[in-house]
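# Results of the structural survey
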Amino acid sequence: MPDYIDLHLHTTASDGSLTPAAVVGLARERGLKAIAVTDHDTIAGCPEAHAAGSRLGVEVICGVEISADWPKGTLHILGYFFGSFPRSLDQGLKELQDNRAKRNLEMIVKLQNLGFTVSEDDIVRASGGGQIGRPHFAKVLVEKKYVKSMEEAFDRYLGKGKPAYVEKDRLTPEETIRMIAKSGGIPVLAHPTTLGEYDSGELPQLLSRLQENGLRGIEVYYYSHTEPDTNRLLSLAQRVNLLVTGGTDFHGANLGNIQIGTGKGNLKIPYQLLMKLKNVGGLHPQT
Ligand SMILES: [Zn+2]
Ligand SMILES: [Zn+2]
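Here goes a summary of the coordinates provided. (Residues numbered from 1 in each chain as written. Chains lettered and ligands numbered in written order. Predicted model: local features only at pLDDT ≥ 70, side-chain atom pairs only at ≥ 80, totals over all residues.)

### Let's talk about the overall build of the protein chain
Helices and strands together make up the secondary structure of the protein chain, namely eleven helices and seven strands. Across its three principal axes, the protein chain shows a C-alpha extent of roughly 60 × 45 × 40 Å. Out of the 287 residues in the protein chain, the part that is buried amounts to 41%. Across the protein chain, every contact between residues at least 6 apart in sequence was considered, and the portion connecting residues at least 24 apart equals 71%. (Helix = DSSP H or I, 4+ residues; strand = E, 2+ residues; numbered from the N terminus. Buried ≥ 20, exposed ≤ 12 C-beta atoms within 10 Å, placed from the backbone. Contact = placed C-beta atoms within 7 Å.)

### Some details on the environment of Trp70
Relative to the assigned elements, Trp70 resides in the loop between strand E3 (59-68) and strand E4 (75-81). Trp70 sits in the partly exposed class, given 18 other C-beta atoms within 10 Å. In this structure Trp70 touches Leu75 and Pro173, once residues within four positions along its chain are discounted.

### Structural notes on helix H1 (residues 20-29)
Here H1 has its buried residues at Pro20, Val23, Val24, Leu26 and Ala27. Angular distribution of buried residues about the axis of H1 spans 160°; they occupy a single face of the element. In this structure, the buried residues of H1 make contact with strand E1 (5-9), strand E2 (34-40), helix H2 (46-56) and E3. A positive backbone phi angle near 75° is found at Gly31, which sits one or two residues after H1. (Arc of directions from axis to C-beta.)

### As for the nonpolar core
Nonpolar side chains in soluble globular proteins tend to be buried together. In terms of nonpolar packing, the biggest core is built from 59 residues, with Ile35 and Val37 touching the most fellow members. The residues touching Val37, leaving out its near neighbours within four places in the chain, are Leu9, Thr11, Pro20, Val23, Gly45, Cys46, Ala49, Val60, Cys62 and Gly63. Counting residues in each nonpolar core, the second largest holds 15 residues, with Met107, Val147, Phe154 and Ala164 among its members. (Core = buried A, V, L, I, M, F, W, Y, C linked by C-beta atoms within 7 Å.)

### Describing helix H7 (residues 173-182)
For H7, every residue scored as buried is listed here: Pro173, Thr176, Ile177, Met179 and Ile180. Axial view of H7: buried residues confined to an arc of 160°, hence all on one face. On the buried face of H7, the contacting elements are E3, E4, helix H3 (87-113), strand E5 (186-189) and helix H9 (203-212). Downstream of H7 by a residue or two, Gly184 has a phi angle that is positive, lying close to 90°.

### Details of the sheet that holds strand E7 (residues 243-247)
Reading across the sheet, the seven strands line up as E1-E2-E3-E4-E5-E6-E7 and stay open at both edges, with mixed pairing between neighbours. Strands at the two margins of the open sheet, each flanked by one partner only, are E1 and E7. Strand-to-strand twist of the sheet, defined as the mean angle between neighbouring strand axes without regard to direction, takes the value 30°. Judged from the two bridges that link them, E5 and strand E6 (residues 217-222) form a sheet pairing that is parallel. Bridging across to E6, Val188 finds its partner in Gly217. (Pairing = 2+ DSSP bridges. Axes fitted to C-alpha atoms, helices over the stretch in contact; angles between N-to-C directions.)

### Focus on the packing of helix H4 (residues 120-127) against helix H5 (residues 134-143)
In helix packing, the relevant descriptors are the interaxial angle and the interaxial distance, both defined with respect to the helix axes. Put simply, H4 and H5 touch, their axes get as near as 9 Å, and they point 110° apart. Relative to H5, the element H4 lies roughly perpendicular. Note on element contacts: H5 touches H4 through His136, Phe137, Lys139 and Val140, opposite Asp122, Ile123, Ala126 and Ser127. Here the contact of H4 with H5 is composed, by residue class, of four nonpolar, two polar and two charged. (Parallel < 35°, antiparallel > 145°, perpendicular 65-115°, else oblique. Nonpolar A, V, L, I, M, F, W, Y, C, P; charged D, E, K, R; others polar.)

### A short note on unusual backbone geometry
Even without a glycine there, the phi angle at Lys145 is positive, about 65°. Structurally, Lys145 can be placed in the loop between H5 and helix H6 (150-158). A positive phi is found at Asp249, a non-glycine position, where the angle reads about 65°. Residue placement: Asp249 occurs in the loop between E7 and helix H11 (271-283).

### A look at the packing of H5 against H6
Between H5 and H6, whose axes approach to 9 Å, the crossing angle comes to 105°. Between H5 and H6, the interaxial angle falls into the category roughly perpendicular. Here Arg134, Pro135, Phe137, Ala138, Lys139, Leu141 and Val142 of H5 lie close against H6, whose contacting residues are Met150, Ala153, Phe154, Tyr157 and Leu158. A per-class count over the contact of H5 with H6 returns ten nonpolar, no polar and two charged.

### Some thoughts on the pairing of E5
The side chains of a regular strand alternate between the sheet's two faces. Burial along E5 is two-sided: the residues Ile186 and Val188 and Pro187 and Leu189 are all buried. Here four bridges tie E4 to E5, and the two strands are oriented antiparallel to one another. Considered in E5, the bridge of Tyr80 is made with Ile186.

### Some words on the environment of His76
Its place among the elements puts His76 in strand E4. Excluding residues within four positions of it along the chain, His76 makes contact with Glu65, Ile66, Ser67, Ala190 and His191.

Now the structure itself:
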């Protein structure tokens, strides 16, 4: 039987429902040879996942998935680290989180100044303890009956340019890629189908711009990709000389119906892809 992997997994370190150790345990149960934990904007789950991996005999790669600022669709950059724990990235991500926390407080003050009774506790409760974003603010406004729907909350208060809006301080895709590369990681574009450029046919141009900044791969195998998507991305990767990766975006019970390793049931990601990634990783020894 060939060996399979899953290079896109979330744990309780971000918005997954299983602890890093539990994710590794499940990977072993499903017979996966290697996995990467790729939590949103944090690598805090890596040490626990590594320890569980050596205990259970599953190869564990420390990864991350960083959300970049992008007007057309969702642009996420995955980073894979093959050396020691990337301390400089950890530091950089913590600064980003501090900035985000500051932004949330500013939005609370703006809402209070508009006359709403909204506290930090309300927002934290709405987020379920995970990363806080504007949808959680909208949820609170709906719950407190200040607005009738999430949509109205955005239209009247939380949307860009509206009275409770505070400018985002996300990194650009280029900055994100450079930050990962500088910390010794391999930057990979996640699920390219969520980009406006995928539908408009402008993906090759975008890729070459990102490659100039250090992008090394694209996520070709993904739970929501159709066979035509996968084939199209596979030939594009070959044409522009990018590495191919794949993963399920498993979130445990927080994103139902997606299984670790197989996605909606038919995903098979060969170990060979990881070997190629590791060869590149070896070219950039960490300092
Ligand atoms: Zn993503
Ligand atoms: Zn993800």
